[in-house]
Amino acid sequence: MHSAEHILNQTMVRSFGCGRCFSSHIEKKKSKCDYRFDRPLSDEEVDGIMSKVNEVIRSNLPVLEEFVARGEAEKRFNLSRLPEDAGDPVRIVSIGDYDACPCIGPHVNLTTEIGQFRIISSTFQDGVLRIRFRLSSLT
Ligand SMILES: [Zn+2]
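Residues numbered from 1 in each chain as written. Predicted model: local features only at pLDDT ≥ 70, side-chain atom pairs only at ≥ 80, totals over all residues. Heavy atoms only, no water.

Draft legend 1. Spotlight on the pattern of salt bridges. Applying the stated criterion to the full structure yields 8 salt bridges. With a closest N to O distance of 2.7 Å, aspartate 34 and arginine 130 form a salt bridge. Placement of the pair is aspartate 34 in strand E2 (residues 30-36) and arginine 130 in strand E7 (residues 128-136), with a sequence separation of 96 residues. Judged by relative accessible area, arginine 130 falls into the partly exposed class, the value being 26%. A salt bridge links glutamate 66 to arginine 76, with the shortest nitrogen-to-oxygen separation between them at 3.7 Å. You can see glutamate 66 sitting in strand E3 (residues 63-68) and its partner arginine 76 sitting in helix H3 (residues 70-76), a full 10 residues away along the chain. Look at arginine 76 and you get partly exposed, because its relative accessible area is 45%. (Salt bridge = Lys/Arg side-chain N within 4 Å of Asp/Glu carboxyl O. Helix = DSSP H or I, 4+ residues; strand = E, 2+ residues; numbered from the N terminus. Buried < 20%, exposed > 50% of the residue type's maximum accessible area, 1.4 Å probe, protein only.)

Pasting the structure below:
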């Protein structure tokens, strides 16, 4: 789930030039991510995001972690979503050459382990775009 969130975030950044989600709720079955946005997404855009995320998953990219000194990490990444006690050095999780971001959560080793990514709904209210998604195993 965490790895799917990272891919979704990078896809949103690349597709719409928005920031990564500012808030997320990651669970085993279903998750949601909130983005600062200016409008609702069209059905075509939702389909496009799903295709892109699944394409990245199917590329079977390696998910790797590296540890970067906090001072260095601050220059390269937004650390605001890390907990205060995340420590130094900071753990950076990269997904192939598609994405890299600081994270303390659990991750897969290869993106195909994520399974099939599906957006359940996207809603827009008061400048916040909420995307709910779920994963199912690849068949
Ligand atoms: Zn993560």
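Draft legend 2. Seen up close, the packing of aromatic side chains. This model, assessed by the stated rule, comprises 2 aromatic pairs. Summarising the aromatic geometry, the rings of phenylalanine 16 and phenylalanine 37 are spaced 5.5 Å apart at their centres and angled 80° between planes, so their arrangement reads as edge-to-face. In this pair, phenylalanine 16 sits in helix H1 (residues 2-16) while phenylalanine 37 sits in the loop between E2 and helix H2 (43-58), placing the two residues 21 residues apart along the sequence. Residue phenylalanine 16 is classed as partly exposed on the basis of its relative accessible area of 25%. Measuring from ring centre to ring centre gives 5.2 Å for phenylalanine 117 and phenylalanine 133, while their planes differ by 40°; the resulting arrangement is tilted. Taken together, the positions of phenylalanine 117 in strand E6 (residues 116-125) and phenylalanine 133 in strand E7 put the pair 16 residues apart, joining distant regions of the chain. Exposure remark for phenylalanine 117: the relative accessible area of 1% places this residue in the buried category. Its guanidinium or amino end placed over the ring of phenylalanine 22, arginine 36 lies 3.7 Å from that ring's centre, counting from NZ or CZ. (Phe/Tyr/Trp six-rings, centres within 6.5 Å; stacked < 30°, edge-to-face > 60°. Lys NZ or Arg CZ within 6 Å of the ring centre and 35° of its normal.)

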